[in-house]
Amino acid sequence: MLYTGTDWNFSILRNCFHAIEEIAHNELGLETFPNRIEVITSEQMLDVYTSHGMPISYPHWSAGKRFVGHENSYKRGLMGLAYEVVINSSPCISYLMEENTATMQALVIAHAAFGHNHFFRNNRLFREWTDPTQILNYLEFARSYIAKCEERHGIRAVERILDAAHALQGQGVDRHTGNKRLDLKHESDRARERRAYEDSQYNDLWRTLPDRETDAGDVNSSDTPIGGLPEENILYFLEKNAPRLEPWEREIIRIVRLTAQYFYPQPQVKVMNEGCATWTHNVIMHRLHRKGLIDDAAIMEAIHSTTNVITQRGFDEGGGPGFNPYALGLAMMNDIARMCENPTEEDRAWFPDFAGNGDPLGTLKHAWAEYRDESFIQQFLSPKVIRDLRLFRLTDDAAQPYLLVDAIHNEAGYRDIRRSVAASYDPGSLAEEIEIVGVDLSGDRVLKLEHRTRPGHLLHATDARLTLGHLAELWGYGVALKEIDSQNGKELASYHAA
């Protein structure tokens with residue numbers, strides 16, 4: 001028996017980790033990065049929340065604001081803290097709350113250190129877009145670089161750039177460039193070389209010269225047209241082309257852009273990532289129980305906790321309009337495993353490629369590695385899960401005085417419901433389609449942007465004006481944005497900032 005009761009110590013944690021590792025690697029065949037487990041307090045967990053789950057972050061006032069907000073909500077009982085936080089890095093860092101019981105520590109080790117860890121290492125999006133071996137070094141470089149910029153140029157000057165870059169970071173990622181894995185070690189080495197060169201060229205006597213009003217025409221008088229338009233990555237465009245930015249300001253924009261790029265895959269695989277981790281911890285905890293390593297009380301606590309996590313609350317019960325990713329993910333993972341071993345005639349008709357193949361683990365590993373949420377649901381959501389979750393489709397047509405149930409539990413309805421659920425995870429809906437379409441460098445230098453709208457999805461006017469103000473701050477000249485109906489090309493709204 002690994003432990004009895006709720007108390008734990010580091011010897012128990014070590015034994016639990018080795019027992020779980022034995023099942024994860026030798027029985028389930030999971031492939032993971034090396035693990036690092038850290039036990040932290042609730043206040044340290046609030047710190048982790050503040051830095052978006054990362055152990056290192058550069059200084060910015062918004063971090064303090066987030067910490068105070070989370071702390072007040074936690075102390076007033078308005079929010080709880082996660083049992084764990086895990087980072088996509090190598091080694092993979094898992095934070096465990098010290099208030100957890102022994103069973104919860106074992107459960108979150110199985111969940112985070114092996115479930116999430118396997119997904120991070122094997123899913124194609126993470127493999128192509130992230131560099132887990134370098135992210136911690138790059139974050140350390142970013143913190144050091146920005147701290148030195150604050151010393152040299154002042155905190156307010158640095159925050160002016162960070163505020164503007166943060167406002168635009170949702171439009172600061174590459175979405176359609178294919179296999180373009182970040183080389184963060186090269187990025188930090190290149191920035192260090194640039195800073196060393198600037199330091200070697202710096203002469204303090206220049207600081208003693210009187211200020212000279214800068215004329216707009218002599219900052220960058222090149223009339224060379226900017227190529228590569230339209231450009232969807234606004235931060236990349238500003239880093240390369242903004243006429244008035246200093247080199248250190250461009251480097252800060254680059255840091256914000258690369259950090260945003262690192263987090264880009266995560267919202268696209270949330271259902272699969274949580275489903276993989278929950279399925280893994282569920283299997284491992286039951287395996288520990290069958291092997292006699294944990295007692296009945298421990299497995300009941302694990303089942304109770306898992307049940308709470310995977311509860312799908314109704315839209316009028318605080319569940320919101322979307323799915324609980326744990327609930328949908330685990331339901332689909334369990335269903336895939338069932339179809340591989342005990343398929344029905346319906347399963348064989350819908351999923352002839354894998355129903356009855358007798359290899360649930362191999363089928364799940366293939367899905368975890370090769371799909372994202374949208375394509376996973378489109379490929380694997382079965383009629384049984386649709387029935388179990390009581391899904392149907394409701395159409396709300398503003399031109400009609402009634403709501404229409406247009407997809408129910410029949411052959412056509414299953415396909416329509418599956419298509420609609422998959423569409424709700426379309427990566428194209430996660431961010432608005434806004435592109436830089438032109439700029440006249442020999443004229444007024446106004447930066448022109450277009451927003452290709454989806455039906456009924458115009459920008460919020462106040463947010464658009466504030467964000468354009470930040471964009472104008474970085475560009476150094478005026479900016480203009482038009483909202484265009486993507487169906488008929490009609491202009492729906494326009495905004496300007498100078």
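Look above for the structure.
Below: a short report on this structure. (Residues numbered from 1 in each chain as written. Predicted model: local features only at pLDDT ≥ 70, side-chain atom pairs only at ≥ 80, totals over all residues. Heavy atoms only, no water.)

### Remarks on the packing of helix 7 (residues 155–168) against helix 11 (residues 247–263)
- Running from N to C, helix 7 and helix 11 cross one another at 40°; their axes reach a closest spacing of 10 Å. Taken together, the axis directions place helix 7 and helix 11 in an arrangement best described as oblique. Considering the relative orientation of helix 7 and helix 11, their crossing is right-handed. Residues Ala157, Val158, Arg160, Ile161, Leu162, Ala165 and His166 of helix 7 pack against Trp248, Glu249, Ile252, Ile253 and Val256 of helix 11.
- The residue makeup of the contact of helix 7 with helix 11, split by class, is nine nonpolar, one polar and two charged. (Axes fitted to C-alpha atoms, helices over the stretch in contact; angles between N-to-C directions. Helix = DSSP H or I, 4+ residues; strand = E, 2+ residues; numbered from the N terminus. Parallel < 35°, antiparallel > 145°, perpendicular 65-115°, else oblique. Left-handed = near helix turned anticlockwise from the far one by under 90°. Contact = heavy atoms within 4.5 Å. Nonpolar A, V, L, I, M, F, W, Y, C, P; charged D, E, K, R; others polar.)

### Some words on the side chain of Asp174
- Mapped onto the elements of the fold, Asp174 is located in the loop between helix 7 and helix 8 (184–201).
- You can call Asp174 buried: its relative accessible area is 10%.
- Only 3.1 Å separates the side chain of Asp174 from the side chain of Asn233, close enough to count as a polar contact. (Buried < 20%, exposed > 50% of the residue type's maximum accessible area, 1.4 Å probe, protein only. Polar contact = N/O pair within 3.5 Å; in protein donor to acceptor, adjacent residues only side chain to side chain.)

### Concerning the nonpolar core
- Core analysis: the biggest nonpolar cluster contains 75 residues, and Tyr3, Leu288, Trp368, Phe376 and Ile377 have the highest contact counts within it.
- Ranked by the residues each element gives to this core, the list is headed by helix 4 (residues 102–122), at 12 residues.
- For Leu288, the residues in contact, after removing those within four places along its chain, are Leu2, Ala19, Ile20, Ile23, Leu293 and Ile294.
- Ranked by size, the runner-up nonpolar core spans 43 residues in total, among them Val158, Ile436, Val439 and Trp475. (Core = buried A, V, L, I, M, F, W, Y, C linked by side-chain atoms within 4.5 Å.)

### As for the sheet that holds strand 3 (residues 92–97)
- Spatial ordering of the open sheet is given by 1-3-2, a layout of three strands whose pairing is mixed. The strands lining the two open edges of the sheet, one partner per strand, are strand 1 (35–40) and strand 2 (84–87). Neighbour-to-neighbour, the strand axes of the sheet open up by a mean angle of 15°, direction not taken into account.
- Two strands pair when backbone bridges link them, and strand 2 and strand 3 are joined in this way by four bridges, in the antiparallel orientation. (Pairing = 2+ DSSP bridges.)

### Remarks on the pattern of salt bridges
- In this structure the tally under the stated criterion is 21 salt bridges.
- A salt bridge links Lys291 to Glu27; its shortest N-O distance comes to 3.5 Å. In this pair, Lys291 is assigned in the loop between helix 12 (270–290) and helix 13 (296–309) and Glu27 in helix 1 (residues 10–27), connecting sequence segments 264 residues apart.
- Residue class for Lys291 comes out partly exposed when judged on its relative accessible area of 36%.
- Exposure remark for Glu27: the relative accessible area of 36% places this residue in the partly exposed category.
- In this structure, Glu346 engages Arg387 in a salt bridge whose closest nitrogen and oxygen atoms are separated by 3.0 Å. Residue Glu346 is located in helix 16 (residues 345–350), and its partner Arg387 is located in helix 19 (residues 383–388); the two are separated by 41 residues in the primary sequence.
- Under the relative-accessibility criterion, Glu346 is labelled partly exposed at 26%.
- Taking the relative accessible area as the measure of exposure, Arg387 reaches 33% and is therefore partly exposed.
- Among the charged side chains, a network of salt bridges with common partners joins Glu239, Lys240, Arg254 and Arg257. (Salt bridge = Lys/Arg side-chain N within 4 Å of Asp/Glu carboxyl O.)

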